[in-house]
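# A structural walkthrough
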Amino acid sequence: MASHIVGYPRMGPKRELKFALESFWDGKSSAEDLQKVAADLRSSIWKQMDSVGIKYIPSNTFSYYDQVLDTTAMLGAVPERYNWAGGEIGFGTYFSMARGNASVPAMEMTKWFDTNYHFIVPELGPNTKFSYASHKAVNEYKEAKELGIDTVPVIVGPVSYLLLSKPAKGVEKSFPLLSLLEKILPVYKEVAAELKAAGASWIQFDEPTLVLDLEHHQLEAFTKAYAELESSLSGLNVLIETYFADIPAAAYKTLTSLKGVTGFGFDFVRGPQTLDLIKGEFPSGKYLFAGVVDGRNIWANDLASSLSTLEALEGIVGKEKLVVSTSCSLLHTAVDLVNETKLDKEIKSWLAFAAQKVVEVNALAKALAGQKDESIFSENAAAQASRKSSPRVTNEAVQKAAAALKGSDHRRATNVSARLDAQQKKLNLPVLPTTTIGSFPQTLELRRVRREYKANKISEDDYIKAIKEEISKVVKLQEELDIDVLVHGEPERNDMVEYFGEQLSGFAFTVNGWVQSYGSRCVKPPIIYGDVSRPKAMTVFWSSLAQSMTARPMKGMLTGPVTILNWSFVRNDQPRFETCYQIALAIKDEVEDLEKAGINVIQIDEAALREGLPLRKSEQSFYLEWAVHSFRITNCGVQDTTQIHTHMCYSNFNDIIHSIIDMDADVITIENSRSDEKLLSVFREGVKYGAGIGPGVYDIHSPRIPSTEEIADRINKMLAVLETNILWVNPDCGLKTRKYSEVKPALSNMVAAAKLLRTELASAK
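Because the structure is a prediction, the values reported are computed rather than measured.

### Concerning the overall build of the protein
From N to C terminus, the protein includes 27 helices and 21 strands. For a compact globule of 765 residues, the expected C-alpha radius of gyration is about 27 Å, and the protein comes in at 26 Å, within 12% of that figure. For the protein, the spread of C-alpha atoms along the three principal axes comes to 75 × 60 × 50 Å. Counting over 765 residues, the protein shows a buried share of 61%. Each charge sign in the protein was given a centre, from 86 positive and 96 negative side chains, and these centres are 2 Å apart.

### Quick look at helix α26 (residues 708–719)
Spanning 12 residues, α26 covers 16 Å between terminal C-alpha atoms, matching the ideal 16 Å at 1.5 Å per step. Turning to α26, its buried residues number three or more, namely T708, I711, A712, R714, I715, M718 and L719. The buried residues of α26 occupy one face: seen down the axis, they fall within an arc of 160°.

### Quick look at the packing of aromatic side chains
Overall, the coordinates contain 32 aromatic pairs when judged by the stated rule. Both rings, one in Y453 and one in Y463, keep their centres 4.0 Å apart while their planes meet at 10°; by these two values the pair is stacked. Residue Y453 is located in helix α17 (residues 444–454), and its partner Y463 is located in helix α18 (residues 460–481); the two are separated by 10 residues in the primary sequence. Classification of Y453 by relative accessible area gives partly exposed; the value is 27%. On the basis of relative accessible area, Y463 is assigned to the buried category, the value being 8%. Relative to F500, the ring of Y499 has its centre 5.4 Å away and its plane inclined at 85°; by these criteria the two rings are edge-to-face. Comparing Y499 with F500 shows no difference in burial state: the two are buried.

### Looking at the pairing of strand β20 (residues 667–670)
A two-sided burial pattern is seen for β20, the buried positions comprising V667 and T669 on one face and I668 and I670 on the other. When strand β19 (residues 643–648) meets β20, the two strands line up parallel, connected through 4 bridges. Across the sheet, residue M648 finds its bridge partner in β20, namely I670. When β20 meets strand β21 (residues 692–695), the two strands line up parallel, connected through 4 bridges. Pairing of I670 across the sheet is with P695, part of β21.

### Let's talk about the pattern of salt bridges
Pairing of side chains with opposite charge becomes possible as their charged atoms draw close. The full count for this structure, using the stated rule, is 44 salt bridges. A salt bridge links R392 to D344; its shortest N-O distance comes to 3.1 Å. Remark: D344 occurs in the loop between β11 (322–326) and α12 (345–349) and R392 occurs in the loop between α14 (374–389) and α15 (396–403); sequence separation between them is 48 residues. Residue class for R392 comes out partly exposed when judged on its relative accessible area of 32%.

### A closer look at the UniProt feature "active site" (unreviewed entry) in the protein
The UniProt record annotates "active site" (unreviewed entry) at H701. Mapped onto the elements, H701 comes out in the loop between β21 and α26. Owing to a relative accessible area of 17%, H701 belongs among the buried residues under this scheme.

### Looking at the domain arrangement of the protein
You can read the domains of the protein as domain 1 (2–389) and domain 2 (414–648 + 663–764). In this structure, domain 1 and domain 2 have C-alpha centres spaced 33 Å apart. Listed as interface residues are 51 residues of domain 1 and, on the opposing side, 34 residues of domain 2. Of the roughly 3,700 Å² buried between domain 1 and domain 2, counting both surfaces, carbon and sulfur atoms make up 55%. Linking domain 1 to domain 2 there are 3 salt bridges. Where R616 meets D246, a salt bridge forms, and the shortest distance between an N and an O atom there is 3.3 Å.

### Here's the deal with the packing of helix α22 (residues 576–596) against helix α23 (residues 617–635)
Contact geometry for α22 and α23: axes closest at 7 Å, N-to-C directions at 20°. Taken as axis vectors, α22 and α23 run roughly parallel relative to one another. For the pair α22 and α23, the sense of crossing is right-handed. Residues R576, F577, C580, Y581, A584, L585, I587, K588 and V591 of α22 pack against F622, W626, H629, S630, I633, T634 and N635 of α23.

### Digging into the sheet that holds β19
Taken in spatial order, the 5 strands make up an open sheet running β16-β18-β19-β20-β21, and their pairing is parallel. Whereas interior strands pair on both sides, the edge strands pair on one side only; in this sheet they are β16 (555–559) and β21. Taking the axes of each pair of neighbouring strands and ignoring which way they run, one obtains an average angle of 20° across the sheet.

### Quick word on the packing of α17 against α18
For the pair α17 and α18, the least separation of the axes is 10 Å and the interaxial angle reads 160°. Considered as vectors, α17 and α18 are oriented roughly antiparallel to each other. Taken as a pair, α17 and α18 cross one another with a handedness that is left-handed. Listed contacts from α18 to L446, V449, R450 and Y453 of α17 are E460, Y463, A466, I467 and E470. Across the contact of α17 with α18, the residue classes break down as 6 nonpolar, no polar and 3 charged.

### So, unusual backbone geometry
The backbone of N428 shows a phi angle near 55°, a positive value even though the residue is not glycine. Relative to the helices and strands, N428 is located in the loop between α16 (416–427) and α17. For D482, which is not glycine, the phi torsion reads 65° and is therefore positive. Within the fold, D482 resides in the loop between α18 and α19 (498–501).

### Things to note about the side chain of S329
Its location among the elements puts S329 in the loop between β11 and α12. Within the local environment of S329, its side chain forms a polar contact with the backbone nitrogen of L331, the two atoms lying 3.1 Å apart. Beyond its immediate stretch of four places on either side in the chain, S329 contacts V6, G7, Y8 and G295.

### Looking at the UniProt feature "domain: Cobalamin-independent methionine synthase MetE N-terminal" (unreviewed entry) in the protein
Here, the residues flagged by UniProt with the feature "domain: Cobalamin-independent methionine synthase MetE N-terminal" (unreviewed entry) are residues 3–315. Helix makes up 42% of residues 3–315 and strand 13%, with an end-to-end C-alpha separation of 18 Å.

### Details of the pairing of strand β8 (residues 237–241)
Most of β8 sits out of view: 4 of its 5 residues are buried. Examined bridge by bridge, strand β7 (residues 202–206) and β8 share 5 bridges and lie parallel to one another. Following the sheet pairing, I203 is matched in β8 by V238. Where β8 lies against strand β9 (residues 263–267), 3 bridges are found, and the strand directions are parallel. Across the sheet, residue E241 finds its bridge partner in β9, namely G265.

### Remarks on the environment of K14
If you trace the backbone, K14 turns up in the segment before α1 (16–25). The exposure class assigned to K14 is partly exposed, which follows from its relative accessible area of 45%. Considering only alpha carbons, one finds K14 and A363, 349 residues apart in sequence, at a separation of 26 Å. Residues within four places of K14 in sequence aside, it is in contact with F19, N339 and N512.

### Re the sheet that holds β7
One open sheet accounts for 7 strands, arranged β1-β5-β7-β8-β9-β10-β11; its pairing is parallel. Edge positions in the open sheet fall to β1 (57–59) and β11, since each of these has one partner strand only. Geometrically, the sheet is characterised by an average inter-axis angle of 30° between neighbouring strands, direction not taken into account. Pairing of β1 with strand β5 (residues 151–156), which is carried by 3 bridges, proceeds in the parallel orientation. When the bridges of β5 are listed, I57 appears paired with T151. Contacts between helix α5 (residues 136–146) and the sheet are confined to β1 and β5, with β5 contributing the most and set at about 165° to the helix.

Each value, and the rule that gives it
- The residue count restarts for each chain, going from 1 along the sequence in the order it is written.
- Owing to the predicted nature of the model, reporting of local features is limited to residues with pLDDT of at least 70; listing and counting of side-chain atom pairs is limited to 80 or more, with chain, interface and lining totals taken over all residues.
- Water and hydrogen atoms play no part in the side-chain values, which are based on all heavy atoms of the structure.
- Each helix is a run of DSSP H or I of at least 4 residues and each strand a run of E of at least 2, with the numbering of both proceeding from the N terminus.
- Radius of gyration: C-alpha atoms only; globule rule: 2.2 Å multiplied by the number of residues to the exponent 0.38.
- Relative accessibility decides the category of a residue: with a 1.4 Å probe and only protein chains considered, values under 20% of the type maximum give buried, values over 50% give exposed, and everything between is partly exposed.
- Lys and Arg are tallied as positive, Asp and Glu as negative. Neither His nor the chain termini are counted.
- For the purpose of locating charges, the reference atoms are NZ of Lys, CZ of Arg, CG of Asp and CD of Glu.
- By definition here, a helix of n residues has an expected span of 1.5 Å times n minus one.
- Directions from the helix axis toward the C-beta atoms define the arc.
- Side-chain rings of Phe, Tyr and Trp (the six-membered ring for Trp) are treated as a pair once their centres are within 6.5 Å; stacked means planes under 30 degrees apart, edge-to-face means over 60, and tilted covers the remaining angles.
- Paired strands, in this sense, are two strands between which DSSP finds at least two bridges.
- Put simply, a salt bridge is a Lys or Arg side-chain nitrogen that is within 4 Å of an Asp or Glu carboxyl oxygen.
- UniProt positions are given in the numbering used here, feature names are shortened, and annotations may be inferred rather than shown by experiment.
- Where each domain begins and ends follows an automated or database-derived domain assignment.
- We call two residues in contact whenever any of their non-hydrogen atoms come within 4.5 Å of each other.
- Throughout, the accessible surface (probe 1.4 Å) given up by two parts as they are put together, summed over both, is called the buried area.
- Comment: axis = line fitted to C-alpha atoms, over the contacting stretch for helices; angle = value between 0 and 180 degrees taken between N-to-C directions.
- Any angle that is under 35 degrees is reported as roughly parallel, and any over 145 degrees as roughly antiparallel; angles of 65 to 115 degrees are reported as roughly perpendicular and all others as oblique.
- Each crossing gets its hand from how the near helix is turned against the far one by less than a right angle, where anticlockwise is left-handed and clockwise is right-handed.
- Think of it as three bins: nonpolar holds Ala, Val, Leu, Ile, Met, Phe, Trp, Tyr, Cys and Pro, charged holds Asp, Glu, Lys and Arg, and polar takes everything else, Gly as well.
- As used in this structure description, the phrase polar contact means that two N or O atoms lie within 3.5 Å; if the pair is within protein, one of them must be able to donate a hydrogen and the other to accept it, and residues adjacent in sequence are counted only when both atoms belong to side chains.

Below you can see the structure in the form of structure tokens.
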């Protein structure tokens, strides 16, 4: 009876790790306190899997920040600016790399494949020195062993590690990162030797880059790496784990012929086509780890359907060699359904979080071994049936409206430069106009007011009064700072997706359904279980109130349909684009209501447009087509004088710039401050961009306060490649997570920098 879990969430069922980390970073608790919380979480996770009956339990999937950063630490690949003196890497160096410190900035953070998780990108070059500098994998293996649990240590594989890295500052962009393979393999050998000595019998290398479109020389690196590791790994069973998509035929061939490998893990949820390759041929005597339980969503598994997939696989690889697994690490799903006491009973019966998925994996493994638990299977079948037939899932009117969209392209009537002229006549903004992205700091007091209102401890009148005061404070502050286009600060919002989901039909919410986004930051994705519609206006009250407090333009603030989709747990019973079009229609109603209420600038954030981009080139154009179309649907009905802004995060813009232009927004602000150069190079390479653009001029993810000179210097770099009349000046993201003591001086310096350059530009004329 063989069952396996690829990885497990680290934050804890009630975000215990988040609070421990933040307390440690704030100097309120010691390193020992943090380590104790971490050790308790690890042991409870291992014991839980052990008691369920999981055979291959992962270790080293816990992390204080990120598993790729853990690998960087293991390899001693610390960039020089952190002044690491060698020896075992401690919290000081580790967290400086992740978060920056008073004197040096953090390493770049980027999306982990197409998930909402972010990893810290290794910075490597020909002179990077590698040494075995973090014994975490071995220590955690031993820690579990002392509890009487034999685990499978999990490490990011050497080739994926290099393919996910970037050339360090000052290193040629074209530097071949794979040339470092022979320098990092000695460390992998040391780790393997220590694990063997500690008694490990299996080791799991995560090589998810195998599902990407790789070139021949990249595939050869896998062959070379594992041939080189073969003798060091002998005596260990080696599992190579892949996930997030089906594996291309060439990569499958490379993978299944690797030397010294015992088993292969595949994602059959997002990669069902891999099944055909396995049916074609699978190396005899090897283990197949079959990822049939979805690690990236919260729906209960259709056990009967998974079982028939597994039985077909059993016929190919043999009973002894088939292991039931999750499609990927459970890091990307919520922790435990047990903590959802407020969730509607019927909807709850359709769901499974990480703890429940562990049980599902085990139930499937038992069924395969001829010990099927009929009660689990019949309860599961009943829940599947109730979800298919539930009237709450279907709304005929919404289905019709979405179907009617197919005929049109939904473009605004005039082109962007004519619209910008019409808007400028109305708004009368200076050159290099300043604005912020939307949210202002959420103080403890503010969170308390929202919490008490939600718990019916204060009246609606008191709540409105408190929020009104907060908006008035934020408006005054922006006027004092002399910002040109204002925001209301979003004090009434808990989260940019949840806030809208709570007011749309077809959404359900959890209390503890948190998922790690990066470091200690977690998000709580809404669950889209049915057809989506907007019963009534969602933001008009607050936006008009804020506009009435100032003569300056006040931005309406909405989250776009693609972001709402990509940041939710989405129903898996219809194509994603159908759900997206439904959300677009709901947001369109809101945009038009804001315009009617006298809001002339409306921002529709598509922070996550890039996130939904399929990993494989062949599927990307279809996604971009419907995603961009969904955005255009939201604002195709407004007047030329209404200025539509959008904001995007972490975009490796370069590969989707044409789709971004096709969104046809009037102004786009971009979070790019950790990777300025990359973004600006697109424009340097001659992409014609006629709309307004505001690349973030400082990084809000770090507490650092940039000087006026530093910001002016960045704006000048931007002016070298962008037209003066289209450039906007703004931070790179919302200010919600920062403190006012950081925000005020930073914005003050930002406005000063814009004014300084206006003066310079005017005198140059």
